[in-house]
Amino acid sequence: MTRLVRFLAAPAVVAALAVPAGAQTATTPSTTTPDPRVGLKAGIRDPGVAARGIALLANLPKPDGFFDPKYPAGEPNPQMTAAEKKEEDGDASGAKPTPPADAKPATPARPPWGGLNFANSDLAFSGNHLFVGNFSGFNIYDISDPTKPALLTSVVCPGGQGDVSVHGSLLFMSVEQTRGRLDCGVAGVEDPVSKDRFRGVRIFDITDIRTPKQVAAVQTCRGSHTHTLVTDPKDPAHIYVYGSGTSSARSAEELAGCSGKDPKEDPQTALFSIDVIKVPVARPQEAKIVARPRIFADEKTGNIAGLWAGGDHGPGTQKTSVTNQCHDITVFPAVGLAAGACSGNGILLDIADPANPKRLDSVGDKNFAYWHSATFNNDGTKVVFTDEWGGGMRPRCLATDQPNWGANAIFDIVDRTLQFKSYFKLPAPQTATENCVAHNGSLVPVPGRDLMVQAWYQGGISVMDFTDSANPKEVAFFDRGPLDAEKLITGGYWSAYWYNGHIFGSEMSRGLDVLALTPSALLTQNELNAARAVTATAFNVQHQDPVTFAPSRAVALAYVDQLVRSGAVPADRSELLKGAIGAGDAAQLSMIATRIGERAASLAGPDAARMKALSQLLTSIR
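Chemist: It is not clear to me how the overall build of the protein chain should be interpreted in this structure. Could you clarify?
Modeler: Looking only at helices and strands, the protein chain features eight helices and 33 strands. Scored against the burial criterion, the 622 residues of the protein chain give a buried share of 58%. Carbon and sulfur atoms make up 54% of the accessible area of the protein chain, which amounts to about 23800 Å² in all.

Dropping the structure here:
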């Protein structure tokens, strides 16, 4: 018996393996340490910066055509039109802020700023190309060298939000604002009813990446605030698009069949449904709406308005409109589920038939003002919902704010129902001139852990560990000071996503950021090596696919680090185990695997799963 095998069988190790998963260790940061994010210097191009576990590698300002030429840095624009202000103030989402009577907002609390019409929005990835949505169109970057992203082409095509997704040679873009035109023109549409207006989902052919061509434009009654691509394993010739419109319904004069009436007045109302668009991949010009499922209806009573009926959420919160829309839907085809963040509710859907999603469960929360987005964990057993309090335009991370306002809510999925476990909010207070709430993020593929990198507008970027659903923790962060020390100017990170080893941040005002996670006591180099070995050919965050980890020493070492961190393996003996993994002796690894498998049976929770995975892994790596 080798020294290592004797070590694994020793009584001390048996006792150590019995330490409960998640036990606190000396590596946990002190809660009394001053947070460096507090008190950062304001500035558009030269703000103060605070980071822990994240390094900024590159920043590219927005290109010409994607900022107001009169205010290139994003300063307040007094020329904002009444229509622009109405859209920016949150009418589309139904989120009506109601601040406390004694609140002392920044001066001015909502400065007129036309800059939102030039704001960066969501991201999509395909191969070595990054697609950055913008309220005025989209930009495509070459990220062959992520540290030196290069702009390939810009497409000016105003219409609001501009969320993008990519499937093969097709790019999809959301359009909701009334200024959107069929021809992508910048003049807008003045007439209340016009054949030139476009609100819905655009489809571009990007076969020639430098010259995208619009090949289809599917009109919808409420426009498309966001959209989700849905694949059907049984039908690769088609792709589905779930269109989520959050604005008011257009008139039937402009688009036949549209109605914004109460369902009691008009059962065919465009409210209380989503749009399902079917796209022939080889003939995208034939894309059309094939269903408008009533996913909010109470099937037992037949009541269409079966969920949140509208109203405020208590003192100091805001009013939220009735749940007759989804802001965002994330699908996980491999498990047949989708999670919808839908105004006043979070919902769970069965998408076995992509054209006809069925609601499985719904949840509400008096602390949540506007359910905004959803992210599954890697095996589809949890979902993180975000609350976009104030439509993302308000400072909801003040020291005086409740920690569950504008936060994440973490749910376990048990028997296809949602079970609440905890909240997570950015732990560092922000200023009254920084709009800050939970926003878009994605998983970081570290084996054995549920990690999510996330944008918090001017709260910066944060990485959350929600492996223990009831006790989420922050792992890393990156933050800049506010855009302005005196005025609240809307800005910050719209999205922050992990893609093939790097974090890409869509900064509304400051452009495109490329960042990298760096090793720390809470995220080791071995864990990062395992994550960076995972590569994808494409990525749309609202379409999740399970990540699999090829057997490797990096993955094995990542598990060892996690077991040491939790106390399941003593730190002073971990080098013996790592040395055996590095040596790769098959006989020795087989004996170690047997011992570890036996110990796994005496554990529970994440450590049991890690120990079991490590045992299986040791028999396959050489």
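Chemist: In this structure, what is going on with the pairing of strand β23 (residues 382–387)? I would like to understand it.
Modeler: Remember that side chains alternate between the two faces of the sheet whenever the strand is regular. The buried fraction of β23 amounts to six of the six residues, a majority that puts the element mostly inside the structure. Sheet topology note: the strand β22 (residues 371–376)/β23 ladder contains five bridges and is antiparallel. Opposite A374, over in β23, you have F385 as the bridge partner. The hairpin turn running from β22 into β23, its antiparallel successor, is five residues long, and G380 in that turn takes a positive phi close to 70°.

Chemist: Could you clarify how one ought to interpret the nonpolar core in this entry?
Modeler: In globular proteins that are soluble, nonpolar side chains generally tend to be buried together. Of all hydrophobic cores here, the largest spans 26 residues; its most connected members are L577, I581, I596, L614, L618 and I621. For this core, the element with the highest residue contribution is helix α5 (residues 553–566), accounting for seven residues. Each residue touching I596, except ones within four places of it in the same chain, is listed here: L577, M611, L614, S615 and L618. Counting 21 residues, the second-largest nonpolar core is a separate cluster that includes A455, I503, L523 and A531.

Chemist: For this particular structure, what's the right way to read the packing of α5 against helix α6 (residues 574–583)?
Modeler: Any two packed helices are characterised by the angle at which their axes cross and by the distance between the axes. Running from N to C, α5 and α6 cross one another at 170°; their axes reach a closest spacing of 10 Å. With respect to their mutual orientation, α5 and α6 come out roughly antiparallel. Here α5 contributes R553, A556, L557, V560, D561 and V564 to the contact with α6, which in turn contributes S574, L577, K578, I581 and G582. The class makeup of the residues in the contact of α5 with α6 is six nonpolar, two polar and three charged.

Chemist: Teacher, can you tell me more about the side chain of N117 here?
Modeler: The topology assignment puts N117 in the loop between β3 (96–97) and β4 (120–126). Residue class for N117 comes out buried when judged on its relative accessible area of 7%. In terms of polar contacts, N117 uses its side chain to reach the side chain of R179, at 3.3 Å.

Chemist: Can you walk me through the side chain of Q458 in this structure?
Modeler: Following the sequence through the fold, Q458 ends up in the loop between β27 (451–455) and β28 (461–465). Its relative accessible area of 3% is what places Q458 among the buried residues. At 3.0 Å, the side chain of Q458 and the backbone nitrogen of L483 are in polar contact. There is a polar contact of 2.8 Å between the side chain of Q458 and the backbone oxygen of I489.

Chemist: When you look at helix α7 (residues 586–600) in this model, what are you seeing that I'm missing?
Modeler: When the terminal C-alpha atoms of α7 are compared, their 21 Å separation across 15 residues agrees well with the 21 Å that a helix rising 1.5 Å per residue should span. Within the span of α7, buried status applies to Q588, L589, I592, A593, I596, R599 and A600. Projection of α7 onto a plane perpendicular to its axis shows the buried side chains occupying an angular sector of 135°, all on one side.

Chemist: Please explain empty space enclosed by the protein as it appears in this structure.
Modeler: Over the atoms rolls a probe the size of a water molecule, and its path tells where empty space is left. Counted by the stated rule, this structure contains six cavities of 30 Å³ or more. Reported here for the second largest cavity is a volume of approximately 80 Å³. As for the second largest cavity, its lining consists of D328, T330, S373, A374, T375, N440, G441, Y497, V541, Q542 and Q544. Contributions of two or more residues to the lining of the second largest cavity are made by β18 (328–332) and β22. Broken down by element, the residue count for the lining of the second largest cavity peaks at three residues, all from β22. Classifying every residue of the lining of the second largest cavity by side-chain character gives three nonpolar, seven polar and one charged.

Chemist: I would appreciate a short explanation of the packing of α5 against helix α8 (residues 605–618) in the present structure.
Modeler: The N-to-C vectors of α5 and α8 enclose an angle of 150°; their axes lie 10 Å apart at closest approach. Judged on the interaxial angle alone, α8 and α5 are roughly antiparallel. In this structure, α5 meets α8 at a crossing whose hand is left-handed. Every residue of α8 that contacts α5 at V555, A556, Y559, V560, Q562, L563 and S566 is listed here: D607, R610, M611, A613, L614 and L617. Classifying every residue of the contact of α5 with α8 gives nine nonpolar, two polar and two charged.

Criteria and cut-off values
Note on numbering: residues in each chain are counted from 1, in written sequence order. Where totals are concerned, whole chains, interfaces and linings use all residues; where local detail is concerned, this predicted model gives features only for residues with pLDDT of at least 70, and gives and counts side-chain atom pairs only at 80 or more. Calculated side-chain values reflect all of the structure's heavy atoms, with hydrogen atoms and water omitted. By the criteria applied, helices consist of DSSP H or I runs no shorter than four residues and strands consist of E runs no shorter than two, each listed in order from the N terminus. Using a 1.4 Å probe on the protein chains alone, a residue whose accessible area is under 20% of its type maximum counts as buried, one over 50% counts as exposed, and one in between counts as partly exposed. What sets the accessible areas is the Shrake-Rupley method with a 1.4 Å probe; for residues, cover comes only from the shown protein chains. Should DSSP find at least two bridges between two strands, the strands are taken to pair. For the purposes of this section, nonpolar cores are sets of buried Ala, Val, Leu, Ile, Met, Phe, Trp, Tyr and Cys residues that join through side-chain atoms within 4.5 Å. Contacts are assigned to residue pairs with any non-hydrogen atoms lying within 4.5 Å of each other. Orientation is described by lines fitted to C-alpha atoms, with helices fitted over the stretch in contact, and by angles between N-to-C directions that extend from 0 to 180 degrees. For classification, angles of less than 35 degrees are called roughly parallel, those exceeding 145 degrees roughly antiparallel, those between 65 and 115 degrees roughly perpendicular, and all remaining angles oblique. Residues are grouped as follows: nonpolar covers Ala, Val, Leu, Ile, Met, Phe, Trp, Tyr, Cys and Pro; charged covers Asp, Glu, Lys and Arg; every other residue, Gly included, is treated as polar. Between N or O atoms, a polar contact is any pair within 3.5 Å; within protein, one atom must be a potential hydrogen donor and the other a potential acceptor, and residues adjacent in sequence are included only when both atoms are from side chains. Between the first and last residue of a helix there are one fewer steps than residues, each counted as 1.5 Å, and that sum is the expected span. Arc definition: directions from the helix axis to the C-beta atoms. Buried and open spaces are told apart on a 1 Å grid over the protein atoms alone, a cavity being a set of points where a 1.4 Å probe fits but cannot get out and a pocket being an open set with protein on both sides within 12 Å along at least five of seven lines. Residues with an atom within 4 Å of a point are the lining residues. Grid points are joined across faces, edges and corners, and a volume is the space filled by probe spheres set on the points. Handedness of a helix crossing follows the sense of rotation of the near helix relative to the far helix, less than a right angle counterclockwise being left-handed and clockwise being right-handed.

Everything listed is a geometric property; what it means functionally is a separate question.
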